[in-house]
Amino acid sequence: MGKIATREAYGNALRKLVEERSDIVVLDADLSKSTKSFEAKKVAPERHFNMGIAEGNMMAVAAGLAASGKTVFASTFAMFATGRAFEQIRNSVAYPNLNVKVCGSHSGITVGEDGATHQALEDIAIMRAIPNMVVLQPCDGKEAEEITRFASTYKGPMYLRFGRSAVEDVHDDSYHFELGKGEMLHQGKDIAFVATGLMVQEALKAAEMLREEGMDPTVVNMPCIKPIDETLIIELARNHRLIYTLEEHNVIGGLGSAVSEVCAKNQPVKMVMIGTQDVFGESGKPQELLDKYGLSAKRIVEKVKETIQ
C-alpha cells in the first residue's frame, strides 16, 4: 500500500486544477510549503497569492474574488483558518454563499510536536455550525484528490480538512467521491465503526484485531461531515446494537455529534464517541499522541471490550 499525507494529495490535485482551469485562484497565509498549495504556484504563479500572516484578510479577499466569478481555494493551518478567520468566513463567505474553499491542513493531534496551539480539535464543530457550509474530510490521498477536484465543481462555500502525517491508502484509482455519502468498507454485524480522516485506518486495523477474537465490526468511512449520510446512519442504527464514532477531533460538535443527532431524531441506538474528550492536545510524536488520547487501533479495541460488556 502507498502512503501519502492528505495535504500533499491536495497540493497535487490543486496543481492539476489550475493547469486545467483559468478561473481558479489560490490564496495562502504564508504557509504554502506546509499546506502544499505552492504546487499550484509552480504552474500558475499569477494566480497564487501569499496573503501573509493575515488570515482574516485572506478570507475577505477570497470572498471578493469569488464575488467576481473566481473559484477560490484559501489555504492555511486548520487552527488559523477556523479560529482567526471565523468572522470573515461566516459573514463574508458563507452568508452571501460565495464560491470559496477553505482548506485547513495540519488538523488534529497528529500535527504532533507543534502542540496544543496548532492542533485543531474544534474546527469541524465550528465549520459545521455555519449555514451554507459543506464540511469534508478525506481519509487518504486518493480521497483527498477526489474531494479537491469535486470542490472545484461545487458552487458554494466548503471546508476541506487535511492532515500533516502520511497515511496508508484505503482506496485505489477506481474510487469516486460522492457528496453526502458514506462508504461501507466492511459489512460486519453487531457493532459498527463510523470513522473519518485518518481514524478510518485505525478503525480498519482495530476491526481486524477484533475479528481475530471472534467479533466482526462493520466499518464505514464518513468523509462528508456535512451534509452527512443520514440514510446510511439510520441503517447502521437499525442493524447494530452499538455504534462507535471515531474522529481526530473533540467529541463535542464533530462526527460523533453529527451521527448522534441523526440517530436521536430517527433511530435511537447506543453510541460510544471515540475522539478527544473535551481536552487540548500536547506536543509529542503522532503515534504516541494517538495512543495517549485513545485513538490508536489498540486503544479502540480496549474501548470496545470495555463497553460491550
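Our structure's up above, just so we're on the same page.
What counts and how
Residues numbered from 1 in each chain as written. Predicted model: local features only at pLDDT ≥ 70, side-chain atom pairs only at ≥ 80, totals over all residues. Heavy atoms only, no water. Helix = DSSP H or I, 4+ residues; strand = E, 2+ residues; numbered from the N terminus. Rg over C-alpha atoms; globule rule 2.2 N^0.38 Å. Buried < 20%, exposed > 50% of the residue type's maximum accessible area, 1.4 Å probe, protein only. Pairing = 2+ DSSP bridges. Axes fitted to C-alpha atoms, helices over the stretch in contact; angles between N-to-C directions. Contact = heavy atoms within 4.5 Å. Phe/Tyr/Trp six-rings, centres within 6.5 Å; stacked < 30°, edge-to-face > 60°.

Student: It is not clear to me how the overall build of the chain should be interpreted in this structure. Could you clarify?
Tutor: Across its full length, the chain carries 13 helices and 14 strands. Rg of the C-alpha trace for the chain: 19 Å, near the compact-globule value of 19 Å for 309 residues, within the 12% margin. Principal-axis analysis of the C-alpha atoms places the extent of the chain at approximately 60 × 40 × 35 Å. Among the 309 residues that make up the chain, the fraction classed as buried is 57%.

Student: Could you clarify how one ought to interpret the sheet that holds strand β9 (residues 183-186) in this entry?
Tutor: Two modes of strand pairing occur in sheets, parallel and antiparallel, and in both the strands are linked by backbone hydrogen bonds. Read from one edge to the other, the open sheet built from five strands follows the order β9-β11-β10-β13-β14, with strand pairing classed as mixed. Each of the sheet's edge strands pairs with one partner strand only, and the pair in question is β9 and β14 (270-276). Neighbour-to-neighbour, the strand axes of the sheet open up by a mean angle of 25°, direction not taken into account. As judged from the six bridges shared by strand β10 (residues 190-195) and strand β13 (residues 240-250), these two strands associate in the parallel manner. By the bridge assignment, Ala192 is partnered in β13 with Ile243. Sheet strands in contact with helix α9 (residues 199-211) are β9, β10, β11 (218-221) and β13, and its direction is about 160° off that of β10.

Student: What is the right way to look at the packing of aromatic side chains in this model?
Tutor: Centre distance and the angle of the planes are the two values used to describe a pair of aromatic rings. For the coordinates displayed, the defined rule picks out five aromatic pairs. A ring pair is formed by Tyr10 and Phe162, whose centres lie 4.7 Å apart and whose planes are at 25°; its orientation type is stacked. With a gap of 152 residues between them, Tyr10 in helix α1 (residues 6-20) and Phe162 in the loop between β7 (158-161) and β8 (166-168) connect regions that are remote in the sequence. Residue classification places Phe162 among the buried positions, given a relative accessible area of 1%. Ring geometry for Phe193 and Tyr244: centres 5.6 Å apart, planes at 80°, overall edge-to-face. Of the two residues, Phe193 sits in strand β10 while Tyr244 sits in strand β13, which places them 51 residues apart along the sequence. Each member of the pair Phe193 and Tyr244 is classed as buried. In this structure an aromatic cluster arises from ring pairing among Phe150, Tyr154 and Phe177.

Student: Is there a simple way to think about the environment of Met209 in this case?
Tutor: Of note, Met209 is situated in helix α9. Taking the C-alpha atoms as reference, Met209 lies 7.5 Å from Val301; in sequence the two are 92 residues apart. Discounting residues that sit within four places of it in the chain, Met209 has contacts with Ala297, Lys298 and Val301.

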